[in-house]
Amino acid sequence: AAGVIQSPRHLIKEKRETATLKCYPIPRHDTVYWYQQGPGQDPQFLISFYEKMQSDKGSIPDRFSAQQFSDYHSELNMSSLELGDSALYFCASSQGTGDYGYTFGSGTRLTVV
Amino acid sequence: GENVEQHPSTLSVQEGDSAVIKCTYSDSASNYFPWYKQELGKRPQLIIDIRSNVGEKKDQRIAVTLNKTAKHFSLHITETQPEDSAVYFCAAPSPSGGSYIPTFGRGTSLIVHP
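Just so we're clear, the structure is a prediction, and the values are computed from it rather than from any experiment.

Caption draft 1: Region of the structure containing the interface of chain B and chain A. Between chain B and chain A, the residue contacts involve 21 residues of the former and 23 residues of the latter. In total, chain B and chain A occlude about 1900 Å² of area from one another, counting both sides; carbon and sulfur atoms represent 55% of this. On the surface where chain B and chain A come into contact, there are one salt bridge. A salt bridge links Arg106(B) to Asp42(A); its shortest N-O distance comes to 3.0 Å. Here chain B is connected to chain A by six residue pairs in polar contact (both at pLDDT 80 or more). Sorting the residues of the side of chain B that touches chain A by element identifies strand S4 (32–38), strand S9 (86–96) and strand S10 (99–104) of chain B as the ones contributing at least two each. The element best represented in the side of chain B that touches chain A is S10(B), accounting for five residues. For the side of chain B that touches chain A, the per-class residue count stands at ten nonpolar, seven polar and four charged.

Structure follows, in structure tokens:
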């Protein structure tokens, strides 16, 4: 069965650089959630999209932005990267309002040096 | 918004013992409660979930119970095996603007000793 696809799997960037993470949801899933997970921490909600519109915003820094495209894939753009941005970034997708479960992608491990 | 508390943060058991992890939530409108297992460096994997119209659900060695009145739900693992060692997260969706945002507990690190 198709899963949530994230790319790239690993990314190394220098401070103050820009990074773009991509998420391709499960077919027919129209909602995407982005999470940031630091070492030993629980996933922290960043932002979500439903039907290509931002539906909710969590602890996403102003340096980050995201959008969902017409094919429902989503991109998380991160600028002026800081060392503290090093983390695992997961996206999850669901169908509709999300009360029938979410499936996570494999994540992107971002390392800022 | 939703506030999810998970206990314990670490749980160490001997192989074959049972393990119980408990989560409490604050939003009475929450109606879907998944449990995820996350191995080091990997994605959270859904292992079992329960909806608010059900009090208990079982899948082989894993069960989840829900007490809506008390706003808590628990994960039960019986006959634990070393491969059960992982971090387990509970989640409760927080209704927000017509959608549901999964809010996670802080995680429980389960260690099963052979």
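After that view, the rundown keeps rolling.
Caption draft 2: Molecular detail of the state of the cysteines. Under the definition given, this model contains two disulfides over all chains. Across a sulfur-sulfur distance of 1.9 Å, Cys23(A) and Cys91(A) are joined as a disulfide pair. Every disulfide takes its handedness from the sign of the S-S torsion; for Cys23(A) and Cys91(A) that torsion is 75°, giving right-handed. Here Cys23(A) is found in strand S3 (residues 19–24), whereas its partner Cys91(A) is found in strand S9 (residues 87–94), with 68 residues between them in sequence. By the burial criterion, Cys23(A) is buried, and Cys91(A) matches it. Here Cys23(B) connects covalently by a disulfide to Cys90(B), the sulfurs 1.9 Å from one another. Taking the sign of the S-S torsion, -95° for the link of Cys23(B) and Cys90(B), the bridge is left-handed. Here Cys23(B), found in strand S3 (residues 19–24), pairs with Cys90(B), found in strand S9; they are 67 residues apart in sequence, far enough to count as distant.

Caption draft 3: Structural detail: the sheet that holds S3(B). Residue and element names in this part refer to chain B. If you walk across this open sheet you meet the five strands as S1-S3-S8-S7-S6, and the pairing is antiparallel. Here the strands that pair on one side only, and so sit at the sheet edges, are strand S1 (5–7) and strand S6 (56–59). Strand after strand, the sheet turns through a mean of 15° between neighbouring axes, direction not considered. In this structure, S3 lies alongside strand S8 (residues 72–77), joined through six bridges in antiparallel fashion. Its bridge partner lying in S8, Lys22 is registered against Ser74.

Caption draft 4: Just the pattern of salt bridges, in detail. Scanning the model with the defined rule gives nine salt bridges over all chains in all. With a shortest N-O distance of 3.4 Å, Arg63(A) and Glu82(A) are connected by a salt bridge. With a gap of 19 residues between them, Arg63(A) in the loop between strand S6 (53–57) and strand S7 (64–68) and Glu82(A) in the loop between strand S8 (74–78) and S9 connect regions that are remote in the sequence. The partly exposed category is assigned to Glu82(A), whose relative accessible area is 42%. A salt bridge links Glu39(B) to Lys37(B), with the nearest nitrogen and oxygen atoms 3.8 Å apart. By relative accessible area, Glu39(B) is classed as partly exposed at 34%.

Caption draft 5: Up close: the sheet that holds S7(A). Residue and element names in this part refer to chain A. Taking strand neighbours across the sheet as the criterion, the four strands line up as S1-S3-S8-S7 in an open arrangement whose pairing is antiparallel. With one partner strand each, in any of the chains shown, strand S1 (5–7) and S7 form the two edges of the open sheet. On average, each strand axis in the sheet is inclined to that of its neighbour by 15°, with strand direction left out of account. Across five bridges, S7 lies against S8 in antiparallel orientation. Its bridge partner lying in S8, Gln68 is registered against Ser74.

Caption draft 6: Local environment of the packing of aromatic side chains. Under the defined criterion, the tally for this structure stands at 14 aromatic pairs over all chains. For the pair Phe90(A) and Phe104(A), a centre-to-centre distance of 6.2 Å together with 90° between the ring planes defines the contact as edge-to-face. A residue pair is termed long-range when its members are at least 10 positions apart, and Phe90(A) in strand S9 and Phe104(A) in strand S10 (residues 103–104) qualify at 14 residues. For Phe90(A), a relative accessible area of 0% puts it in the buried group. With relative accessibility at 3%, the residue Phe104(A) sits in the buried group. Where Tyr102(A) meets Tyr32(B), the ring centres are 5.9 Å apart and the plane angle is 65°; that geometry is what we call edge-to-face. With Tyr102(A) in the loop between S9 and S10 and Tyr32(B) in strand S4, this residue pair bridges two chains. Under the relative-accessibility criterion, Tyr102(A) is labelled buried at 3%. An aromatic cluster of at least three residues, connected via ring pairs, comprises Tyr35(A), Phe45(A), Phe90(A), Phe104(A), Tyr36(B), Phe89(B) and Phe104(B).

Analysis parameters
- Residues numbered from 1 in each chain as written.
- Chains lettered and ligands numbered in written order.
- Predicted model: local features only at pLDDT ≥ 70, side-chain atom pairs only at ≥ 80, totals over all residues.
- Heavy atoms only, no water.
- Contact = heavy atoms within 4.5 Å.
- Buried area = accessible area lost by both parts, 1.4 Å probe.
- Salt bridge = Lys/Arg side-chain N within 4 Å of Asp/Glu carboxyl O.
- Polar contact = N/O pair within 3.5 Å; in protein donor to acceptor, adjacent residues only side chain to side chain.
- Helix = DSSP H or I, 4+ residues; strand = E, 2+ residues; numbered from the N terminus.
- Nonpolar A, V, L, I, M, F, W, Y, C, P; charged D, E, K, R; others polar.
- Disulfide = S-S within 2.5 Å.
- Buried < 20%, exposed > 50% of the residue type's maximum accessible area, 1.4 Å probe, protein only.
- Pairing = 2+ DSSP bridges.
- Axes fitted to C-alpha atoms, helices over the stretch in contact; angles between N-to-C directions.
- Phe/Tyr/Trp six-rings, centres within 6.5 Å; stacked < 30°, edge-to-face > 60°.

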